[in-house]
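Structure at a glance
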Amino acid sequence: MIDNSLARRRLAVAGIVAALLATGGIGYGVGRLQSAVSSTVETPGPAGSSPAPPATQPQPTEPSSEPSTGAGGPPEGLPNEDSTGVPAGTKLTAYTGPMTITQNGTVIDGKTVDGALIIRAADVTVRNSIINGSISTDEISAGFSFTIVDSEVRIGNNEGTGIGTVNFTVLRVEVTGGNRSMNCWKNCDIRASYVHGQFKDETGVAHESGIRMGAGGKIIGNTIICDAPDVPPDAGCSASLTGYGDFAAVRDMEIRGNLIGATTGGFCAYGGSSGGKPFSDGAQNIRFIDNTFQRGSTGKCGFWGAITDFDSNAPGNVWENNRWDDDTALPPDN
């Protein structure tokens, strides 16, 4: 990352919430999102079960040794640290079971898990728990799946993805740390969750994002923020929501009723048709509906804008009723 880009992207996060609360019309934007969240997060469907190819390759990222704290969180009523994570009063005990889960139907409830949970079974459930690490199936998982509910995933001050990669369901989960909060490579259902506070990569290498989208996913009613600080030469946020077409086409994605937070990156979202990527021409059926984008300190969400590389002419692509947090209409390219 060149110094110009670094300086530009440092403008983004610091006064997001204060600016939002001072903006006329914020009440309507938040109300719209609250309605979307309440009508869509109660009963997420099961994540599918099908294989997928390798993924990952963001664009700017950030580094450090402490997770960033973001800009104070989303406006009241949207998914935040109070409405996600382990419910107040839950008594946690140390998890002493296997870190690689191979028993179908395994339930982990009310535990503190230290390390990475690798899912090699079907219908695994984690609830009311803290994971100091990550939880994932791999990109070629066939028949393995998991659900994580009312929990926290704390990736820590290092590179890593908190939740991924195929055949998973997420409900009311807070994810912090790492360089990518979630990777929906294939067949995911993410609702009413809060991702933010990615780590500061002091090595200047990691490209960071809130959620990366791939194929066959629902991302509904979440607060999605990438607020990792920039570290030269190349670390910092790519965007809050990314989708590029590096390893497979971005397709069959529903992105509805989310707050897509202002970011330290160049854009708040990449829409799946990034130029020069091997699979960009295959992007299709990507539906951005009823999302709210924070203007943030730049007034444009990211340094350059809110959304880029969304092809309105691609088969099945929909851009409908997406707005700024002051309720101004937001076109797909700006």
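Reading guide: rules and limits
Residue indices follow the written sequence of each chain, beginning from 1 at its first position. Local features in this predicted model are restricted to residues of pLDDT 70 or higher, and side-chain atom pairs are both shown and tallied only at a pLDDT of 80 or more, whereas totals for entire chains, interfaces and linings draw on every residue. Processing note: side-chain calculations cover all non-hydrogen atoms of the structure and skip hydrogens and water entirely. Each helix is a run of DSSP H or I of at least 4 residues and each strand a run of E of at least 2, with the numbering of both proceeding from the N terminus. A 1.4 Å probe rolled over the protein chains alone gives each residue an accessible area, and that area as a share of the maximum for its type sets the label: buried under 20%, exposed over 50%, partly exposed in between. Whenever a nitrogen or oxygen atom comes within 3.5 Å of another N or O atom, the pair is scored as a polar contact, on the condition that within protein one atom can donate a hydrogen and the other can accept it, and that pairs from neighbouring residues in sequence are kept only if both atoms are in side chains. A pair of Phe, Tyr and Trp rings is counted when the ring centres sit within 6.5 Å of each other, with Trp represented by its six-membered ring. The angle between the planes then sorts it: under 30 degrees is stacked, over 60 is edge-to-face, the rest tilted. In our convention, an over-ring charge means Lys NZ or Arg CZ found within 6 Å of a ring centre and within 35 degrees of that ring's normal. Pairs of cysteine sulfur atoms within 2.5 Å are what we label disulfides. pLDDT is defined as a per-residue confidence score from the predictor, taking values between 0 and 100. Only heavy atoms enter the contact rule, under which two residues are in contact if any of them lie within 4.5 Å. Strands are treated as partners if at least two bridges between them are detected by DSSP. By convention in these notes, a salt bridge is any Lys or Arg side-chain nitrogen within 4 Å of a carboxyl oxygen on Asp or Glu.

A look at unusual backbone geometry
Look at the link from Gly164 to Thr165: it is a cis peptide, with omega at 0°. Mapped onto the fold, Thr165 is located in the loop between β9 (161–164) and β10 (166–171). Each neighbour pair has its own omega, and for Pro232 with Pro233 the value is 5°, a cis peptide bond. Its place among the elements puts Pro233 in the loop between β15 (223–224) and β16 (236–242).

Side note on the side chain of Gln294
Within the fold, Gln294 resides in the loop between β21 (292–293) and β22 (305–308). Looking at Gln294, the relative accessible area reads 0%, which means it is buried. In terms of polar contacts, Gln294 uses its side chain to reach the backbone amide nitrogen of Ala262, at 2.9 Å.

Details of the packing of aromatic side chains
Summed over all chains, the structure comprises nine aromatic pairs. Ring centres 5.1 Å apart and planes at 70° place the aromatic pair Tyr244 and Tyr270 in the edge-to-face group. Residue Tyr244 is located in the loop between β16 and β17 (251–256), and its partner Tyr270 is located in strand β19 (residues 267–270); the two are separated by 26 residues in the primary sequence. Classification of Tyr244 by relative accessible area gives buried; the value is 0%. On the basis of relative accessibility, which here comes to 8%, the residue Tyr270 falls in the buried class. Here the aromatic residues Tyr244, Phe267, Tyr270, Phe303 and Trp304 are joined through ring pairs into a cluster of three or more. One cation-aromatic arrangement involves Lys277 over Tyr244; the distance from NZ or CZ to the ring centre is 5.5 Å. A cation over a ring is seen here: Arg295 above Trp324, with NZ or CZ 4.2 Å from the ring centre.

What about the state of the cysteines?
This structure, assessed with the given rule, holds three disulfides. Across a sulfur-sulfur distance of 1.9 Å, Cys184 and Cys188 are joined as a disulfide pair. Looking along the S-S bond of the Cys184-Cys188 disulfide, the torsion reads about -95°, which is the left-handed sense. Across the pair, Cys188 and Cys184 agree in class, each one buried. The disulfide bridge from Cys268 ends at Cys301, spanning 1.9 Å between sulfur atoms.

Let's talk about the confidence of the model for the protein chain
With 78% of its residues at a pLDDT of at least 70, the protein chain reaches an overall mean of 83. Note on residues 1–30: pLDDT under 50 across the span, and 68 contacts to partners over four residues away in sequence or across chains. Note that pLDDT drops below 50 for residues 36–72; the model gives that stretch 151 contacts with residues more than four away or on any other chain.

So, the pairing of strand β6 (residues 130–136)
Within β6, six of the seven residues are buried, leaving the element largely enclosed by the surrounding structure. Sheet topology places strand β4 (residues 111–119) next to β6; seven bridges connect them, and they run parallel. Looking at β6, one finds that Ile118 is bridged to Ser136. Pairing between β6 and strand β8 (residues 152–154): two bridges, direction parallel. Bridge pairing in β8 places Ile130 opposite Glu152.

Quick word on the pattern of salt bridges
Applying the stated criterion across every chain yields a total of 13 salt bridges. In this structure, the salt-bridge partner of Asp138 is Arg120, at a minimum N-O distance of 3.3 Å. Of the two residues, Asp138 sits in the loop between β6 and β7 (146–149) while Arg120 sits in the loop between β4 and β5 (124–127), which places them 18 residues apart along the sequence. With its nearest N and O atoms 2.5 Å apart, the salt bridge here joins Arg256 to Glu254. Residue class for Arg256 comes out partly exposed when judged on its relative accessible area of 26%. According to the relative accessible area criterion, Glu254 is buried, its value standing at 9%. One connected set of salt bridges, linked through shared partners, spans Arg212, Asp246 and Lys277.

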